[in-house]
Amino acid sequence: EVDMNEAEELILTSISADRRTIGVTTLNGGGLQFRHYGELETHGGQMFDMRAEVGLLSRRVLVRGDETTANTLVGAHIMMHSGGDESVVGRFSNVECYLCGQAFALGRYPIHFHMIGRVVKSYITNCAVHHSNNRGFTIHGVHGLRLYNNVVFNNLGHSIFIEDGIETNNVIEH
């Protein structure tokens with residue numbers, strides 16, 4: 001059974017010399033609150049990976065809301081917008097967005113590519129958006145955007161929002 005309310009944030013405290021064992025603690029310093037099943041199972045000849053999803057939230061580059069964001073739900077946002085095909089290039093790599101986005105505000109998402117057309121020189125890779133007030137990544141009216149190996153956790157709304165359904169040739173992969 002999967003319950004989204006049993007997701008837990010941990011702090012990595014150590015890594016063994018053979019890199020096979022890690023030490024962790026929770027944000028409040030205690031142990032895990034929930035049991036997390038982690039096995040490979042075979043049913044009807046097909047293998048199912050039942051191991052927990054793990055995503056690294058911290059990055060070297062941090063974009064974040066200010067000290068009022070938790071109460072106002074109005075955080076930082078990044079919007080790429082321009083007059084047409086390839087007129088702007090957005091390359092986001094290893095960026096952390098924390099307390100970003102503006103709740104209930106149209107177009108105010110943590111990272112938003114908006115009505116540009118072709119953007120084949122642009123990408124979002126190895127980024128983390130967490131504790132967002134309005135979605136994670138938004139693709140609106142763009143074609144050829146690449147999203148690779150990103151993490152979205154504990155956000156209001158969609159993790160990846162493809163706004164109109166007219167967007168083509170965008171690649172979203174883990």
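Before reading on, note that the structure itself is shown above.
Focus on a nonpolar patch on the surface
Part 1 of the reasoning: Where nonpolar side chains cluster on the molecular surface, the patch consists of Leu10, Leu12, Ile15, Ile22, Val24 and Leu32 and spans about 540 Å² of accessible area.
Part 2 of the reasoning: Those elements that place two or more of their residues in the nonpolar patch are strand E1 (10-15) and strand E2 (22-26).
Part 3 of the reasoning: In this fold, leucine 32 is placed in the loop between E2 and strand E3 (40-43).

Points about the nonpolar core
Part 1 of the reasoning: Formed by 19 residues in total, the largest nonpolar core has its most connected members in Phe92, Ile111, Phe113, Ile124 and Leu145.
Part 2 of the reasoning: Of all the secondary structure elements, the ones that give two or more residues to this core are strand E6 (78-81), strand E8 (95-98), strand E9 (111-118) and strand E12 (137-143).
Part 3 of the reasoning: In contact with phenylalanine 92, not counting residues within four places along its chain, are Ile78, Met80, Ile111, Phe113, Tyr123, Ile124, Thr125 and Cys127.

Comments concerning the packing of aromatic side chains
Part 1 of the reasoning: Throughout the structure, instances matching the rule amount to 2 aromatic pairs.
Part 2 of the reasoning: Taking the centre distance of 6.1 Å and the plane angle of 85 degrees together, the rings of phenylalanine 92 and phenylalanine 113 count as edge-to-face. With phenylalanine 92 in strand E7 (residues 91-93) and phenylalanine 113 in strand E9, this pair connects stretches of sequence that are 21 residues apart. With respect to burial, phenylalanine 92 and phenylalanine 113 carry one shared label: buried.
Part 3 of the reasoning: Aromatic side chains tyrosine 109 and phenylalanine 161 sit 6.3 Å apart centroid to centroid with 70 degrees between the ring planes, which places their arrangement in the edge-to-face category. With tyrosine 109 in the loop between E8 and E9 and phenylalanine 161 in strand E15 (residues 160-162), this residue pair connects regions lying 52 residues apart in the sequence. Judged on exposure class, the residue tyrosine 109 and its partner phenylalanine 161 are both buried.
Part 4 of the reasoning: Over the face of the ring belonging to phenylalanine 161 we find arginine 135, whose NZ or CZ atom lies 3.6 Å from the ring centre.

Looking at the side chain of glutamate 167
Part 1 of the reasoning: Its location among the elements puts glutamate 167 in the loop between E15 and strand E16 (171-173).
Part 2 of the reasoning: It is arginine 135 that comes nearest to the buried, bridge-free glutamate 167 among opposite-charge side chains, at 11 Å.
Part 3 of the reasoning: A polar side-chain atom of glutamate 167 sits 2.8 Å from the main-chain amide nitrogen of glycine 141.
Part 4 of the reasoning: Within the structure, glutamate 167 has its side chain in polar contact with the backbone nitrogen of glycine 165 (distance 2.8 Å).
Part 5 of the reasoning: For glutamate 167, the contacting residues outside a window of four places in its chain are Ile139, His140, Gly141, Val142, His143 and Ile162.

Concerning the sheet that holds E16
Part 1 of the reasoning: Reading across from one edge, E7-E10-E13-E16 is the order of the 4 strands in this open sheet, with parallel pairing throughout. Bordering the open sheet on either side are E7 and E16, each of which pairs with just one other strand. Within the sheet, the average angular offset between the axes of one strand and its neighbour, ignoring direction, is 0 degrees.
Part 2 of the reasoning: Here strand E10 (residues 123-125) pairs with strand E13 (residues 146-148) via 3 bridges, running parallel. Across the sheet, residue isoleucine 124 finds its bridge partner in E13, namely leucine 147.

Things to note about the state of the cysteines
Part 1 of the reasoning: Per the counting criterion, the structure on display carries 0 disulfides.
Part 2 of the reasoning: Of all cysteine sulfurs, the one in cysteine 97 lies closest to cysteine 100, which takes part in no disulfide; the gap is 4.4 Å.
Part 3 of the reasoning: Its relative accessible area of 1% is what places cysteine 100 among the buried residues.
Part 4 of the reasoning: Between cysteine 127, a free cysteine, and cysteine 97, which holds the nearest cysteine sulfur, the sulfur-to-sulfur gap is 7.0 Å.

Examining unusual backbone geometry
Part 1 of the reasoning: For arginine 135, which is not glycine, the phi torsion reads 70 degrees and is therefore positive.
Part 2 of the reasoning: In this structure, asparagine 154 is a non-glycine residue whose phi angle is positive, near 55 degrees.
Part 3 of the reasoning: Judged by relative accessible area, asparagine 154 falls into the partly exposed class, the value being 44%.

Parameters at a glance
Residues numbered from 1 in each chain as written. Predicted model: local features only at pLDDT ≥ 70, side-chain atom pairs only at ≥ 80, totals over all residues. Heavy atoms only, no water. Patch = residues over 30% accessible without salt bridge, like charges linked within 9 Å, V, L, I, M, F, W, Y side chains within 5 Å. Areas by Shrake-Rupley, 256 points an atom, 1.4 Å probe, with all protein chains shown as cover. Salt bridge = Lys/Arg side-chain N within 4 Å of Asp/Glu carboxyl O. Helix = DSSP H or I, 4+ residues; strand = E, 2+ residues; numbered from the N terminus. Core = buried A, V, L, I, M, F, W, Y, C linked by side-chain atoms within 4.5 Å. Buried < 20%, exposed > 50% of the residue type's maximum accessible area, 1.4 Å probe, protein only. Contact = heavy atoms within 4.5 Å. Phe/Tyr/Trp six-rings, centres within 6.5 Å; stacked < 30°, edge-to-face > 60°. Lys NZ or Arg CZ within 6 Å of the ring centre and 35° of its normal. Lys, Arg positive; Asp, Glu negative; His and termini not counted. Polar contact = N/O pair within 3.5 Å; in protein donor to acceptor, adjacent residues only side chain to side chain. Pairing = 2+ DSSP bridges. Axes fitted to C-alpha atoms, helices over the stretch in contact; angles between N-to-C directions. Disulfide = S-S within 2.5 Å.

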